[in-house]
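Overview (structure and organization)
Listed below, chain by chain, are the residues.
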Amino acid sequence: MLDSLTFGFLGGGNMAAALIGGLVARGVPAGAIRVVDPSADVRQRLAQTGVQAMAAPDATFGVSDVIVLAVKPQHFRDAIAPLVPLLADNLVISVAAGIRLQDMARWLGRSRLVRAMPNTPALAGMGMTGLATAPGLAERDRAIATAVAEAVGQCVWVDGDDQIDAVTAISGSGPAYVFYFVEAMERAARELGLSAEQGRKLAVETFRGAAALAAESPEPVSLLRERVTSKGGTTYAALTAMDAGGIAEAFVKAMHAAAARGKEMGAEFGKD
């Protein structure tokens, strides 16, 4: 499906680069991808991969089958302004955080839209992307958006902007939570007499292995946790200390805060 389409990326940052790399790996010719970015350095880097890089959108860019809006949300309105008059009947996919479907529809004057929330593991081909669409989107367009997201990992479809805010809180911001706990484990390792290198490897590989086990097992993670926890043992002592510190409640509260902030950003960026 993807190798017969042309793509236009508005913005050439890390997420755009990850998606472009994933698309090329899936068989999309590099020459079928156009990228607009104001940075000469970014354009030079992207041009070395064989894509067409330009400073501003032109008519050819505007008729790309799929337009991916990969610009920072605070620059979104200004960035799309020169593009709007050039658009044809494109499928538009936005990866800009906090930009709501209803606002995109109003600014772009179209409803063939998908809002995507990827995360940074896409840079390693292991991303998790949440997708939501405007009402009435054709099944073929949903399939295209799915294939684009799966070029850098896995995806899940959700219902509308509210659930994308939830996705943002869980998986969009999620890598930072993992890094936060890895940092804490590295610190504990140093305090317990291990080297920084040992602590990092122990922490990172433990997260990698536990995540793989959870992904492969049909059992709930609560049961997997219980199997590691012998009453009165070392894991029991650690989890008891975490419960006493309110770690689980604080963690859940943090994700509610992230979702609330996502909703606030949508309202802020959606103002006329």
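Since the structure is predicted, the reported quantities are computational estimates derived from the model, not experimental observations. (Residues numbered from 1 in each chain as written. Predicted model: local features only at pLDDT ≥ 70, side-chain atom pairs only at ≥ 80, totals over all residues. Heavy atoms only, no water.)

Points about the layout of surface pockets
Convention followed: Only protein atoms enter the 1 Å grid used here. Points where a 1.4 Å probe fits but cannot escape make up a cavity, open sets with protein on both sides within 12 Å along at least five of seven lines make up a pocket, and a residue lines them when an atom lies within 4 Å of a point. Grid points are joined across faces, edges and corners, and a volume is the space filled by probe spheres set on the points. Each helix is a run of DSSP H or I of at least 4 residues and each strand a run of E of at least 2, with the numbering of both proceeding from the N terminus. Nonpolar residues are Ala, Val, Leu, Ile, Met, Phe, Trp, Tyr, Cys and Pro. Charged residues are Asp, Glu, Lys and Arg, and all others, Gly as well, are polar.
Quantified by volume, the second largest pocket comes out at close to 770 Å³. Lining the second largest pocket we find 31 residues, and of these Gly13, Met15, Ala70, Val71 and Lys72 sit closest to its centre. Those elements giving two or more residues to the lining of the second largest pocket turn out to be helix 1 (14–25) and helix 7 (160–172). Of the residues forming the lining of the second largest pocket, the biggest block, three residues, is contributed by helix 1. Looking at side-chain class alone, the lining of the second largest pocket contains 19 nonpolar, 10 polar and two charged residues.

Comments concerning the packing of aromatic side chains
Applicable threshold: Stacked, tilted and edge-to-face are the three classes assigned to paired rings of Phe, Tyr and Trp, where Trp is represented by its six-membered ring and a pair needs centres within 6.5 Å; plane angles under 30 degrees give stacked, over 60 edge-to-face, the rest tilted. Criterion for a charge above a ring: Lys NZ or Arg CZ within 6 Å of the ring centre, and within 35 degrees of the ring normal.
By the definition in use, this model includes four aromatic pairs. Arranged with centres 5.6 Å apart and planes meeting at 85°, the rings of Tyr177 and Phe251 form a pair that is edge-to-face. With Tyr177 in helix 8 (residues 174–191) and Phe251 in helix 12 (residues 247–269), the pair connects residues that are 74 residues apart, well separated along the chain. Aromatic pair Tyr180 and Phe181: ring centres 6.0 Å apart, planes at 80°, arrangement edge-to-face. Taken together through their ring pairs, the aromatic side chains of Tyr177, Tyr180, Phe181 and Phe251 make up a single cluster. Geometry around Trp157 places Arg142 over its ring, the cationic atom sitting 4.1 Å from the centre.

Quick notes on empty space enclosed by the protein
For the structure shown, the criterion picks out one cavity of 30 Å³ or more. The calculated volume of the largest cavity comes to roughly 80 Å³. Residue lining of the largest cavity: Leu19, Ile93, Val95, Ala116, Pro118, Thr129, Leu131, Ala145, Val148, Ala149 and Val152, and that is the complete set. The set of elements that each furnish at least two residues to the lining of the largest cavity consists of strand 7 (127–133) and helix 6 (139–150). When residues in the lining of the largest cavity are grouped by element, the largest group, three residues, is from helix 6. Along the lines of polarity and charge, the residues of the lining of the largest cavity split into 10 nonpolar, one polar and no charged.

Considering the domain arrangement of the protein chain
Operational definition: As used throughout, domain bounds are those supplied by an automatic or database domain assignment. Only heavy atoms matter for contacts: two residues are in contact if any of them lie within 4.5 Å across the pair. Buried area is a sum: the accessible area each of two parts loses on coming together, probed at 1.4 Å, counted once for each and added. Here, a salt bridge means any side-chain nitrogen of Lys or Arg that lies within 4 Å of a carboxyl oxygen of Asp or Glu. Definition of a polar contact: a pair of N or O atoms within 3.5 Å, with one able to donate and the other able to accept a hydrogen when the atoms are protein atoms, and with sequence-neighbouring residues admitted only if both atoms are side-chain atoms.
Under the domain assignment used here, the protein chain contains domain 1 (7–171) and domain 2 (173–264). Once you take the C-alpha centre of each, domain 1 and domain 2 turn out to be 32 Å apart. Opposite the nine residues of domain 1 that make contact, domain 2 presents nine residues. Here domain 1 meets domain 2 over a buried area of about 710 Å², counting both sides, of which 51% is carbon and sulfur. When the area that domain 1 buries against domain 2 is broken down by residue, the three leading residues are Asp165, Ala169 and Ile170, summing to 55%. Inspection of the domain 1/domain 2 interface yields two salt bridges. Of the charged contacts in the structure, one is a salt bridge between Lys263 and Asp165, with a shortest N-O distance of 3.7 Å. Where domain 1 touches domain 2, the interface holds six residue pairs in polar contact (both at pLDDT 80 or more). The class makeup of the residues in the side of domain 1 that touches domain 2 is three nonpolar, four polar and two charged.

Examining the nonpolar core
Selection criterion: Put simply, a nonpolar core is a bunch of buried Ala, Val, Leu, Ile, Met, Phe, Trp, Tyr and Cys residues held in one set by side-chain atoms that sit within 4.5 Å of each other. Burial classification: accessible surface area is computed with a 1.4 Å probe over protein chains only, and a residue below 20% of its type maximum counts as buried, one above 50% as exposed, and the rest as partly exposed.
Counting residues in hydrophobic clusters, the biggest one holds 37 residues, and the most contacted among them are Leu2, Phe7, Phe9, Leu23 and Ile33. Listed by contribution, the elements that provide at least two residues to this core are strand 1 (7–10), helix 1, strand 2 (33–36), helix 2 (40–47), strand 4 (66–69), strand 5 (91–94), strand 6 (113–117) and helix 6. The dominant element in this core, judged by the number of residues it contributes, is helix 1, at six residues. Excluding residues that lie within four positions of it along the chain, Ile33 makes contacts with Phe7, Phe9, Ile20, Leu23, Val24, Val28, Val51 and Gln52. Counting residues in hydrophobic clusters, the runner-up holds 24 residues, among them Phe76, Trp107, Leu113 and Val158.

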